[in-house]
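An overview of the molecular structure
Here are the chains, one letter per residue:
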Amino acid sequence: MRQLRIARGLTQTKLGSGRFSKEYVSQIERGRVRPNEAALEWLAKRLGVSRRFLESGLSSSEHEQVASLVSSAEAAVAAREFEDAVVTLWRAEELGTIEDPDLELRSLLTGAEARSELGRIEEALAILEAARDLVERNSFTDVDRANVLFHIGQCRYRLSSIPTAVALFTEALELIRHSEVIDDRLRSRILRWRSRCYRRQSDWEAARADIEDALELSERLGDGAALAHGYFQASIVAERRGQWVLARSHAEHAKALYEEQEDRLNVGRLLNNLGGLTFLLGDPERAAKYLKEAFAVALDVGSKPDAAQAVSSLAQVHLRTGSPDLAEDYARQALVLLEDRIDYLDEQGNAQLVLGRALLEQGKLDESAQALAAAEAAFDQLSSRSHRAAVWTAQADLGLRVGDKDKALGLYRLAAEDLQDFRF
């Protein structure tokens with residue numbers, strides 16, 4: 001019931017709709033009470049499924065069984081239960097080939113999204129190529145084709161193939177623009193993801209424009225979750241442009257919207273964002289409190305990458321407030337949590353950079369050089385000027401400490417040129 005409720009965008013209060021309290025719905029979802037027959041019928045109708053499906057997850061005919069399993073997998077993805085989604089789709093495959101093209105596309109996209117979120121990007125891309133072939137059939141619309149391109153673009157972004165991702169998102173938007181079918185919700189999602197790409201390319205004006213367009217669409221749709229995502233992205237863009245007060249305002253707005261949606265994962269992400277902004281605004285103690293809360297939320301919802309980002313941010317705070325030993329500990333913890341996730345190269349690089357600087361401050365010069373080299377290797381894959389400049393500056397500082405002034409000056413010059421996009 002929880003998976004279906006989340007997939008339909010309902011809170012526990014909205015699902016109860018005045019008949020059942022939020023607390024009673026919560027007890028059902030936790031398996032502490034079992035509703036009677038009348039309650040089961042009513043809840044099934046509210047969720048748009050049969051009573052039998054609500055009880056067992058299966059329907060009578062083979063087709064309905066497959067459709068039910070695909071729906072269950074979609075609901076599992078919406079609830080961020082990605083391993084469950086993969087297992088459920090395996091069960092659907094065991095029942096035989098999916099004859100319905102629309103159902104097959106839903107299955108492929110769900111399987112790809114689950115694997116992508118688990119960091120299994122190459123597997124996801126293989127599935128999406130099959131989906132791309134499928135939607136070439138005349139029975140599918142340009143919106144279907146745009147949706148497949150959007151998912152491929154997400155994977156390319158996670159592999160740090162940013163120019164490719166931008167091209168895919170732009171092509172998807174063009175398909176939607178010329179389609180007879182209108183899907184503003186998909187347009188909003190694509191704009192938010194393309195904005196992320198522009199951020200990685202330091203094209204802040206393009207990033208801002210896409211976010212503003214996405215927010216306008218979400219406002220028109222009355223989509224609270226999409227608005228929350230949009231304001232979150234707007235906060236990050238404002239922060240990168242040095243508009244810290246505006247960034248905090250957007251972050252607090254997004255946090256309130258996520259709380260309305262009962263989306264604890266993204267509430268935790270906003271706490272991490274607010275921690276960084278609060279530090280920039282001069283309150284390190286309050287910043288650390290936000291970040292520790294973000295870390296606790298991430299662990300509670302089972303997201304190691306988000307826990308890693310929170311603890312990496314804590315390492316930054318301790319490094320900049322004169323506690324390099326604590327910064328080292330937190331940075332190492334972040335790297336353990338990331339477990340070589342290729343879709344989190346930026347956070348791995350940031351953690352290695354903080355670790356390298358923390359070791360430098362403690363005089364552990366050989367270890368510092370190793371950590372900074374690892375940071376440089378990660379940032380090289382990101383193709384981000386600002387990231388590369390940060391690690392070159394740290395390596396220059398290390399060069400001065402070991403007495404290699406020529407190397408240090410060369411690295412400082414590289415960093416300055418990269419930040420200014422200077423070309424002789």
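Residues numbered from 1 in each chain as written. Predicted model: local features only at pLDDT ≥ 70, side-chain atom pairs only at ≥ 80, totals over all residues. Heavy atoms only, no water.

Considerations on the overall build of the protein
For the record, the criterion: Counting from the N terminus, the helices are DSSP H or I runs at least four residues long and the strands are E runs at least two residues long. Note that the radius of gyration is over C-alpha atoms, with the globule rule given as 2.2 Å times the number of residues to the power 0.38. Here the term buried applies to any residue with accessible area under 20% of the maximum for its type, exposed to any over 50%, and partly exposed to those in between, with areas from a 1.4 Å probe on protein chains only.
Within the protein, the secondary structure is distributed over 23 helices and 0 strands. Its C-alpha atoms give the protein a radius of gyration of 24 Å, near enough to 22 Å, the size a compact globule of 424 residues would have. With the C-alpha coordinates aligned to their principal axes, the bounding extent of the protein is approximately 75 × 50 × 40 Å. In the protein, buried positions account for 50% of the 424 residues.

Observations regarding the packing of helix 6 (residues 62–78) against helix 8 (residues 101–117)
Inclusion rule: Axis lines are fitted to C-alpha atoms, over the contacting stretch for helices. Their N-to-C directions set the angle, which ranges from 0 to 180 degrees. When an angle is under 35 degrees it counts as roughly parallel; over 145 it counts as roughly antiparallel; between 65 and 115 it counts as roughly perpendicular; any other value is oblique. For any helix crossing, the convention is left-handed if the near helix is rotated counterclockwise from the far helix by under a right angle, and right-handed if that rotation is clockwise. The contact rule is simple, with two residues in contact once any of their heavy atoms fall within 4.5 Å. Amino acids are sorted into nonpolar (Ala, Val, Leu, Ile, Met, Phe, Trp, Tyr, Cys and Pro), charged (Asp, Glu, Lys and Arg) and polar (every other residue, Gly among them).
In contact at an axis separation of 10 Å, helix 6 and helix 8 are set at 30° when each is read in the N-to-C sense. Our classification of the angle between helix 6 and helix 8 gives roughly parallel. Our pair here, helix 6 against helix 8, has a crossing hand that is left-handed. Packed against helix 6, whose contacting residues are H63, V66, A67, V70, S71, A73, E74 and V77, the element helix 8 presents L103, R106, S107, T110, E113 and A114 at the interface. Each residue belonging to the contact of helix 6 with helix 8 can be placed in one class, and the counts come to 7 nonpolar, 4 polar and 3 charged.

Examining unusual backbone geometry
Even without a glycine there, the phi angle at R80 is positive, about 60°. Here R80 shows up in the loop between helix 6 and helix 7 (82–94). Of note in the backbone geometry, E262 takes a positive phi value of approximately 55° without being a glycine. Along the chain, E262 falls in the loop between helix 15 (244–260) and helix 16 (264–280).

Here's the deal with the packing of aromatic side chains
We count it as follows: Side-chain rings of Phe, Tyr and Trp (the six-membered ring for Trp) are treated as a pair once their centres are within 6.5 Å; stacked means planes under 30 degrees apart, edge-to-face means over 60, and tilted covers the remaining angles. In our convention, an over-ring charge means Lys NZ or Arg CZ found within 6 Å of a ring centre and within 35 degrees of that ring's normal.
Summed over the entire model, instances satisfying the criterion amount to 5 aromatic pairs. Judged by centre distance (5.2 Å) and plane angle (40°), the ring pair of F20 and Y24 falls under tilted. According to the relative accessible area criterion, F20 is buried, its value standing at 15%. When its relative accessible area of 24% is taken as the criterion, Y24 is described as partly exposed. Centroid distance Y157 to W193: 5.4 Å. Interplanar angle 90°. Geometry classified as edge-to-face. Here W193 lies in helix 12 (residues 184–200) and Y157 lies in helix 10 (residues 142–158), a separation of 36 residues in the sequence. When sorted by exposure, Y157 lands in the same class as W193, which is buried. Aromatic rings pair up to connect F20, Y24 and W42 into one cluster. Its end group placed over the ring of W193, R196 keeps NZ or CZ at 4.1 Å from the ring centre. Note that R200 overlies the ring of Y157, its terminal NZ or CZ placed 5.1 Å from the centroid.

A short note on helix 20 (residues 345–361)
For clarity, the cut-off: Each helix should span, by expectation, one fewer than its residue count multiplied by 1.5 Å.
Between its first and last C-alpha atoms helix 20 spans 24 Å; for 17 residues at 1.5 Å apiece the expected length is 24 Å, and the two agree. When you tally the buried positions in helix 20, you get 13 out of 17 residues, the bulk of the element. Two residues or fewer past helix 20, G363 is found with a positive phi of approximately 80°.

Remarks on helix 11 (residues 162–178)
In plain terms, the rule: Think of it as the arc spanned by the lines of direction from the helix axis to the C-beta atoms.
When the terminal C-alpha atoms of helix 11 are compared, their 25 Å separation across 17 residues agrees well with the 24 Å that a helix rising 1.5 Å per residue should span. The complete set of buried residues in helix 11 reads I162, A165, V166, L168, F169, A172, L173 and I176. Across the axial projection of helix 11, the buried residues extend over an arc of 165°, all falling on one side. Within helix 11, the exposed residues directed more than 90 degrees away from the buried face are P163 and H178. Those residues of helix 11 that are buried lie in contact with helix 10 and helix 12.

What about the pattern of salt bridges?
Rule in force here: The working definition used for a salt bridge is a side-chain nitrogen of Lys or Arg within 4 Å of a carboxyl oxygen of Asp or Glu.
The tally for this structure, following the rule as stated, stands at 28 salt bridges. The partner of R80 in a salt bridge is E117, with the nearest N and O atoms 3.7 Å apart. Taken together, the positions of R80 in the loop between helix 6 and helix 7 and E117 in helix 8 put the pair 37 residues apart, joining distant regions of the chain. What makes R80 partly exposed here is its relative accessible area of 34%. One salt bridge in this structure joins R357 and D397, with 2.8 Å as the shortest N-O distance. Of the two residues, R357 is situated in helix 20 and D397 in helix 22 (residues 385–401); the sequence distance between them amounts to 40 residues. Classification of R357 as partly exposed rests on a relative accessible area of 22%.

Focus on the nonpolar core
One recurring pattern in soluble globular proteins: nonpolar side chains tend to sit buried together. What counts, and what does not: Nonpolar cores are built from buried Ala, Val, Leu, Ile, Met, Phe, Trp, Tyr and Cys residues. Side-chain atoms within 4.5 Å join them into one set.
Counting residues in each nonpolar core, the largest one holds 41 residues, and the members touching the most others are L105, V148, F169, L186, I190 and C197. Taken together, the elements giving at least two residues each to this core come down to helix 8, helix 9 (121–134), helix 10, helix 11, helix 12 and helix 13 (204–221). Core analysis: the second largest hydrophobic core is formed by 33 residues, L215, A228, V267 and V311 among them.

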